[in-house]
Amino acid sequence: DDDIFSSTFCENSGKLINVHLFALAAKYYSLSNLGVCTPLEDVLEALKGDSEGATGIKPDEFMNNKKSHEVQVMSELVDGIANYCGIKQVIDIGSGKGYLSSFLSMQYNLKVYGIDSSSSNTNGAHERNRKLKKHWKAYQSRGKEALKSQSLEKANDKPVESEINCKTINEELLNNANSPQNQGQAIIQDLLPSCGFTEMATRETNTEAEDDLVTETQSHETKLSEEVLAILNVLPADAVEDFSSSPNCVELCEEEKVQRKIASLQTKARKSSESNLYSPLTSCITAETELNDIITDLEDCMMVGLHTCGDLAANTLRIFTAKPEIKAVCSVGCCYHLLSEQFENQEECHDQVWGFPMCQYLKDKGWCCGRNARMSACLALERVAVGQMLPIESLFYRAVLQVIIEEIYGVAKSDRHVGKTFSKSSSFVDYVRRSLKKLELDDSKLPDSCIMDYYEKYKHRMIELEAFNMLKVVLAPCIEVLILLDRLCYLKEQENIAWSGLVKLFDPVKSPRCYAVIALK
């Protein structure tokens, strides 16, 4: 009953009078309590069918802990949706540095177009792959030399004491290599030590010796895998060299020659058809964007977005509903403070497409959050709950700076931004002077003593600022609920959507913007 929260605020003044009830009400209206989310496990189970997930490759070698967590969880879900829909093409909107795109292409063999409005991000993704390719060649060279050396040593230690059945080993490896999950093993196949052993004169198979070799082979494979797979899973397809022919190998048995020929042809075929599994592109995406103008070979596909900023999350959903070739969407938004709001300003702009509200239900009510509320929605309650406190000192610096600017310079509003000045400042005086320069205000009229007077005047109120921001943190999930349910309702209002839902993907302590909006046509 909503009435139990009616005594949270004073009926006459509207002021908060019961902090405990305020916290309970905020929790009551949080997404985790409303029962509208679909558990990730249920979604993965429904999508699974007969497919098996990829194994063994982890991206934490080349990403920080937060990004690694996000990419692993989201890529598994995206692969499940792609398999369920029978599609191989993925469009990553707001792809940034290409972490998700790279992982989807190499771990799950999906053809990914990563679109970002920043050319520096796109160029950075290209450059990153170029460096990884160079890095991979070093691993490749070192791995080949190490395994060749080990193989020759083994061959010299065990002369003609056993016969080797090349066919058994190579068939097993080739069968493994044919599945997308085991691309790494396919690449490693030609590094295996079978070519270091001479063909035996006798064709009879010594089972015990064969088992020994299989064990040795798997050991060598595992050792090399540990070094190369972390780098392999983010490389574009053309970064993987074909080492099916090595001039240093001794004469191979006929069966192995046939198998290597098949493997070589399959590798070349894969390269020709999927020569660029991950393609970074530069383009600014809006609700009116024609994907055919950006992607020439657009086919049935799905759209994904990992922390798409502001209106980009809303526009991703609009494009999904409008384009018949896009069969599914998985979007995790962020930066709610950058959303455009239809009813925030009084002036009417009939032609503009707004980030909020999206659904007709809230449009009919003329609903408005306002920038302060949207800023609050970006706060991370779960992080604060485990002891990662708010940056109160920087907030205090910023608040006192605003008082100085208004009282000394008479400036109430500016289009310029202070940015991340706090982290570069050695003191409050230094912070104020750096900020005034950024705002193009003359700091010569302001002596250090005057700056410190303002600091001392308001220092005792820092505890109030902390309390106020803690209340904002408690309220943050309620505002995020409103924005996310607006997007879900928009999808529910469409006639061509078979299923849509909200799914909690990430650990909110690692990644506070943890909810995905998912839909299938």
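Refer to the preceding data block for the structure.
About the thresholds
Residues numbered from 1 in each chain as written. Predicted model: local features only at pLDDT ≥ 70, side-chain atom pairs only at ≥ 80, totals over all residues. Heavy atoms only, no water. Helix = DSSP H or I, 4+ residues; strand = E, 2+ residues; numbered from the N terminus. Buried < 20%, exposed > 50% of the residue type's maximum accessible area, 1.4 Å probe, protein only. Contact = heavy atoms within 4.5 Å. Phe/Tyr/Trp six-rings, centres within 6.5 Å; stacked < 30°, edge-to-face > 60°. Axes fitted to C-alpha atoms, helices over the stretch in contact; angles between N-to-C directions. Parallel < 35°, antiparallel > 145°, perpendicular 65-115°, else oblique. Left-handed = near helix turned anticlockwise from the far one by under 90°. Nonpolar A, V, L, I, M, F, W, Y, C, P; charged D, E, K, R; others polar.

Peer 1: Any chance you could break down the environment of Cys85 for me, citing the residues and the numbers?
Peer 2: Topologically, Cys85 is positioned in helix α4 (residues 65–85). Taking the relative accessible area as the measure of exposure, Cys85 reaches 27% and is therefore partly exposed. Not counting residues up to four positions away in its chain, the partners in contact with Cys85 are Ala328 and Leu520.

Peer 1: Before we move on, can you summarise the environment of Leu100 with the specific residues and values?
Peer 2: Considering the arrangement of structural elements, one finds Leu100 in helix α5 (residues 99–108). Along the primary structure Leu100 and Leu306 are separated by 206 residues, whereas in three dimensions their C-alpha atoms are 7.7 Å apart. Apart from the residues lying within four places of it in its own chain, the contact partners of Leu100 are Val71, Met74, Ser75, Asp92, Val304 and Leu306.

Peer 1: Please provide a residue-by-residue account of the packing of aromatic side chains, values included.
Peer 2: Inspection of every chain in the model, using the stated rule, returns 12 aromatic pairs. Both rings, one in Tyr397 and one in Phe428, keep their centres 5.0 Å apart while their planes meet at 70°; by these two values the pair is edge-to-face. Placement of the pair is Tyr397 in helix α16 (residues 392–409) and Phe428 in helix α17 (residues 428–438), with a sequence separation of 31 residues. Here Tyr397 and Phe428 have matching classes, each one buried.

Peer 1: Any chance you could break down the packing of α16 against helix α18 (residues 448–458) for me, citing the residues and the numbers?
Peer 2: Put simply, α16 and α18 touch, their axes get as near as 10 Å, and they point 125° apart. Between α16 and α18, the interaxial angle falls into the category oblique. Like other packed secondary-structure pairs, α16 and α18 cross with a definite hand, here right-handed. From α16, Phe396, Tyr397, Val400, Val403, Ile404, Glu407 and Ile408 reach across to α18, where they touch Tyr454, Tyr455 and Tyr458. Class assignment for the residues of the contact of α16 with α18 results in nine nonpolar, no polar and one charged.

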